[in-house]
Amino acid sequence: FATLQMALSVILVMTAVIFTRNLVGIRSADPGFDRRNLIVFGVRPGTSGYDKSRLPQFYFNLQQRLENTPGVSATGIAWMRPMNIGGWWETVQLVGETNRFDVSANGVTPSYLPLYMTHMVAGRNFTRSDMTATAKVAIISEDLARKLGGDSVLGRWLTIPDGPPDRKPPQYQIVGIAPVIAATSMKEKPYVLWLPFGGDSQEATVVLRTSAPPQAVLPNIRRTMGELDRNVPMVETMTMEEQISKGLQRERMFATLCSGFGVLALVLSVIGLYGVLS
């Protein structure tokens, strides 16, 4: 019996080591962007008295005020929170073709992608006019572009075929190809579809890059948000490192549980072995 206990404890300890090494490997992986000095928080102006007619001006003022905040070097706004495991998933295909691909989609302002990448692989970034233009445009990740035909996809139209049968599927012209980054989690890098941020969104995520450590700049950011509108609070404010860590809760829990049970089983087996020998 003591031998069986020892064997089980060793298995648990080895399992804990494997989970811990996996967690460390995921955390230290390259997400494709500099994750230092990034702050993420949510805003929900739609629940704080702003109707659709006032939301575009709110987001414009929000970005302008934050960009002028001491310690903030760049500001971007998006529909979906980055590195948050879930998100908005769609199936896309080129107009006139049948191959479909699952993508993680997000609507972003022109200043959002430069927070993560210094240049586009091909084509261009969004412009301010894209935010209100009736013509729909899109940027896709480089790995999706390779699947669709490489740089030749620039200018072609992408469609989202799944939707209500009584509504024509939306179409977006591909104007840019972006570098591959981990947009949803450190565990995977799905194909990504970037769309222009709609200014009438009830809620959004703000991502800031700071020129100093985030904790030193946060008081300035909170002061700016209070001056803009005290009725619109900052929701789930954290650094990008904290956001990444939050997305690895399951892996961390497994590693902790296995470590705890492994150590406990090892202690019990040693006590049992000592009892047998004595």
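Now for a quick tour of the structure. Keep in mind it's a predicted model, so treat the numbers as computed, not measured. (Residues numbered from 1 in each chain as written. Predicted model: local features only at pLDDT ≥ 70, side-chain atom pairs only at ≥ 80, totals over all residues. Heavy atoms only, no water.)

### Quick word on the pattern of salt bridges
Defined as follows: Salt bridge, as applied in this entry: a Lys or Arg side-chain nitrogen positioned within 4 Å of an Asp or Glu carboxyl oxygen. In this description a helix means any DSSP run of H or I spanning at least four residues, a strand means any run of E spanning at least two, and both kinds are numbered starting from the N terminus.
All chains considered together, the criterion is met by eight salt bridges. A salt bridge links Arg65 to Glu227; the shortest N-O distance between them is 3.4 Å. Remark: Glu227 occurs in helix 4 (residues 214-228) and Arg65 occurs in helix 2 (residues 55-67); sequence separation between them is 162 residues. As a salt-bridge pair, Glu142 and Arg146 come within 3.7 Å of each other at their nearest N and O atoms. Within this pair, Glu142 and its partner Arg146 are both found in helix 3 (residues 142-148), separated by four residues, close to a single helical turn.

### So, helix 2
Within an α-helix, residues lying three or four positions from one another point in the same direction, as the helix has 3.6 residues per turn. Heads up, the rule is: Helix span is expected to be 1.5 Å times the residue number reduced by one. Three exposure classes are used, based on accessible area relative to the maximum for each residue type with a 1.4 Å probe and protein chains only: buried under 20%, partly exposed in between, and exposed over 50%. Arc definition: directions from the helix axis to the C-beta atoms. Contact between two residues is taken to exist if any of their heavy atoms lie within 4.5 Å; hydrogens are not considered.
If you check helix 2, its first and last C-alpha atoms are 18 Å apart, about what 13 residues at 1.5 Å a residue would give, namely 18 Å. Burial in helix 2 covers these residues: Leu55, Phe58, Tyr59, Leu62, Gln63 and Leu66. Across the axial projection of helix 2, the buried residues extend over an arc of 125 degrees, all falling on one side. On its buried face, helix 2 sits against strand 1 (38-43), strand 2 (72-78), strand 10 (204-210) and helix 4.

### Structural notes on the nonpolar core
Rules: We call a set of buried Ala, Val, Leu, Ile, Met, Phe, Trp, Tyr and Cys residues a nonpolar core when their side-chain atoms join them within 4.5 Å.
With 49 residues, the main nonpolar core has Phe41, Trp194 and Ile221 as its most contacted residues. Aside from chain neighbours lying at most four places away, what touches Trp194 is Asn106, Val108, Tyr112, Leu113, Phe126, Ala138, Ile139, Ala178, Ile181 and Ala183. In this structure, Val92, Ala105, Leu144 and Val153 belong to the second largest nonpolar core, which totals 19 residues.

### Focus on unusual backbone geometry
Positive phi, normally seen in glycine, also occurs at Met83, with a value near 55 degrees. Along the chain, Met83 falls in the loop between strand 2 and strand 3 (88-94). Given the relative accessible area of 2%, Met83 is considered buried. With phi around 50 degrees, Glu236 is a residue other than glycine that occupies positive phi space. Position of Glu236 among the secondary structure elements: in strand 11 (residues 235-239).

### Some remarks on a nonpolar patch on the surface
Short version of the rule: Nonpolar side chains (Val, Leu, Ile, Met, Phe, Trp, Tyr) within 5 Å and like charges within 9 Å form the patches, drawn only from residues with over 30% relative accessible area and no salt bridge. Accessible surface is estimated by sampling points in the Shrake-Rupley manner with a 1.4 Å probe; for residues, cover comes only from the protein chains shown.
Taken together, the side chains of Val263, Val267 and Ile271 make up a nonpolar region of the molecular surface, amounting to roughly 260 Å² of accessible area. The residue Val263 is located in helix 6 (residues 249-277) in this model.

### A closer look at the packing of aromatic side chains
To be explicit about the condition: Ring pairs shown here join Phe, Tyr and Trp side chains whose ring centres sit within 6.5 Å, with only the six-membered ring taken for Trp; geometry is labelled stacked below 30 degrees between planes, edge-to-face above 60, and tilted in between.
Enumeration over the complete set of coordinates arrives at nine aromatic pairs. Pairing Tyr59 with Phe197 gives two aromatic rings, centres 5.1 Å apart and planes at 85 degrees, and the pair type is edge-to-face. Residue Tyr59 is found in helix 2, and its partner Phe197 is found in the loop between strand 9 (192-196) and strand 10; the two are separated by 138 residues along the sequence. You'll find Tyr59 and Phe197 in the same group, each marked buried. Judged by centre distance (6.2 Å) and plane angle (45 degrees), the rings of Trp79 and Phe197 are tilted. Of this pair, Trp79 sits in the loop between strand 2 and strand 3 while Phe197 is found in the loop between strand 9 and strand 10, placing the two residues 118 residues apart along the sequence.

### A closer look at the pairing of strand 1
As a reminder, the rule being used: Strands pair, by our definition, only if DSSP identifies at least two bridges between them.
Here strand 1 lies mainly inside the structure; six of its six residues are buried. Note: strand 1 against strand 10, six bridges, orientation antiparallel. Looking at strand 10, one finds that Ile39 is bridged to Leu208. Looking at chain direction, strand 1 and strand 11 are connected through three bridges and run antiparallel. Residue pairing for strand 11: Val40 is matched across the bridge by Met238.

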